[in-house]
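Topology and contacts: notes
Residue strings, one per chain:
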Amino acid sequence: MVNFMLTISGDLENLTNLEPQGGVDDPNFSYFFKLKCGRCGELSQKETCVSLNDTVPLPVGKGSTHLIQKCKFCGRDGTVTMIQGKGKPLTQETSQSGKFSPMMLFDCRGYEPVDFVFGTGWKVESLEGTKFENVDLSSGEFAEYDEKGECPVMISNLRATFDVSRHPHHHNREKLRPFFKIQYDTMTKWQERSRGSTQQQQQP
Ligand SMILES: [Zn+2]
């Protein structure tokens, strides 16, 4: 399983704490990006949009995901599932040191996410504490004047990457274990029961 961490950076002039309007796990924030098929390499023509509160049930089993999409070229189905609790706002310190800040983790089956697009619905604050809400970054830039700090504020040179994260559950294994244990026990019991009934049927 390969997970992808969306990380962002940019030049923050007199600004800090850039993140989605409702925080990094904003249930309504929309992430836009393209998908590259893991089988044929076809790149989706338009951006896919996912948000935490928008889920679809998986065709098999009880779980849900945030997107099921069929590759237009080879017909393979892929899914994108968002994993919350991994993001951090982009601070001025991080951006000045040339580093990226993680926003959201994506568990992508059958696809690789590429070409993240900065849209609307961001939040950022000035170093003096003025909050700027519903910031539109779709033009790639944001410029305002901070009355409190009496200085111009600006976001520019926005960059985003999807970093491969091969051990997605390593960091929060402790947190996830109880959940997976229950799932596993239930599954094992179910398998035993269905296996038992199959064997009974096969007996003459
Ligand atoms: Zn394909």
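Here goes a summary of the coordinates provided. (Residues numbered from 1 in each chain as written. Predicted model: local features only at pLDDT ≥ 70, side-chain atom pairs only at ≥ 80, totals over all residues. Heavy atoms only, no water.)

1. Digging into the overall build of the chain
Within the chain, the regular secondary structure consists of 2 helices and 14 strands. The buried share of the chain, taken over its 204 residues, is 37%. In the chain, the share of contacts with a sequence separation of at least 24, taken over all contacts with a separation of at least 6, comes to 62%. Surface accessibility of the chain: about 12500 Å² in total, with carbon and sulfur atoms responsible for 49%. (Helix = DSSP H or I, 4+ residues; strand = E, 2+ residues; numbered from the N terminus. Buried < 20%, exposed > 50% of the residue type's maximum accessible area, 1.4 Å probe, protein only. Contact = heavy atoms within 4.5 Å. Areas by Shrake-Rupley, 256 points an atom, 1.4 Å probe, with all protein chains shown as cover.)

2. Remarks on the side chain of Thr 48
Looking at the element boundaries, Thr 48 is found in strand E4 (residues 48-50). Here the side chain of Thr 48 touches Gln 69 through a polar contact of 3.0 Å, side chain to side chain. Look past the residues within four positions of Thr 48 in its chain and what remains in contact with it is Tyr 31, Phe 32, Phe 33, Leu 35, Leu 67 and Gln 69. (Polar contact = N/O pair within 3.5 Å; in protein donor to acceptor, adjacent residues only side chain to side chain.)

3. Some words on the coordination of the zinc ion
Taken together, Cys 37 (SG), Cys 40 (SG), Cys 71 (SG) and Cys 74 (SG) make up the protein donors of the zinc ion, found 2.3 to 2.4 Å from the metal. If you look at the zinc ion, its 4 donor atoms make angles of 105 to 115° with each other, and the shape they trace is tetrahedral. Residue Cys 37 is classed as buried on the basis of its relative accessible area, which comes to 4%. Overall, Cys 74 belongs to the partly exposed group, its relative accessible area being 27%. (Donors = N, O, S within 2.8 Å, 3.2 Å for Na, K, Ca; no water. Tetrahedral: all angles 85-135°; square planar, octahedral: opposite > 155°, others 65-115°.)

4. Here we look at the nonpolar core
For soluble globular proteins, the rule of thumb is that nonpolar side chains tend to be buried together. With 36 residues, the main nonpolar core has Leu 18, Tyr 31, Phe 106 and Trp 122 as its most contacted residues. Discounting chain neighbours no more than four positions away, the residues touching Leu 18 are Ile 8, Leu 12, Pro 89, Leu 90, Met 103, Trp 122, Lys 123, Val 124, Leu 137, Ile 155 and Leu 158. (Core = buried A, V, L, I, M, F, W, Y, C linked by side-chain atoms within 4.5 Å.)

5. A closer look at the sheet that holds strand E11 (residues 122-126)
Here 3 strands make up an open sheet; going across it, the order is E2-E11-E12 and the pairing antiparallel. Bordering the open sheet on either side are strand E2 (15-20) and strand E12 (131-135), each of which pairs with just one other strand. Averaged over neighbouring strand pairs, the angle between their axes works out to 15° when direction is ignored. Sheet topology note: the E2/E11 ladder contains 4 bridges and is antiparallel. The partner of Pro 20 across the bridge, within E11, is Trp 122. (Pairing = 2+ DSSP bridges. Axes fitted to C-alpha atoms, helices over the stretch in contact; angles between N-to-C directions.)

6. Thoughts on the sheet that holds strand E1 (residues 3-13)
Working definition: the strands of a sheet are paired by backbone hydrogen bonds and lie parallel or antiparallel to each other. Pairing within the open sheet is antiparallel, and its 6 strands lie in the order E7-E8-E9-E1-E14-E13. Edge strands, defined here as strands with exactly one partner in the open sheet, are strand E7 (67-70) and strand E13 (142-146). Along the sheet, successive strands turn relative to each other by an average axial angle of 30°, direction set aside. Pairing of E7 with strand E8 (residues 77-83), which is carried by 4 bridges, proceeds in the antiparallel orientation. Paired with Leu 67 across the two strands is Val 80, which belongs to E8.

7. Re a nonpolar patch on the surface
The grouping of Val 56, Leu 58 and Ile 68 at the surface amounts to a nonpolar patch, some 180 Å² of accessible area in total. Tracing the backbone through its elements, the reader meets Ile 68 in strand E7. Under the relative-accessibility criterion, Ile 68 is labelled partly exposed at 35%. (Patch = residues over 30% accessible without salt bridge, like charges linked within 9 Å, V, L, I, M, F, W, Y side chains within 5 Å. Salt bridge = Lys/Arg side-chain N within 4 Å of Asp/Glu carboxyl O.)

8. Side note on the pairing of E11
A regular strand places its side chains on the two faces of the sheet in alternate fashion. By the alternation rule, side chains of E11 split into Trp 122, Val 124 and Ser 126, which are all buried, and Lys 123 and Glu 125, of which none is buried. Note that E11 and E12 share 3 bridges and pair antiparallel. Following the sheet pairing, Glu 125 is matched in E12 by Lys 131. Between E11 and E12, which pair antiparallel and follow one another directly, the connecting turn spans 4 residues, one of which, Gly 129, has a positive phi of 100°.

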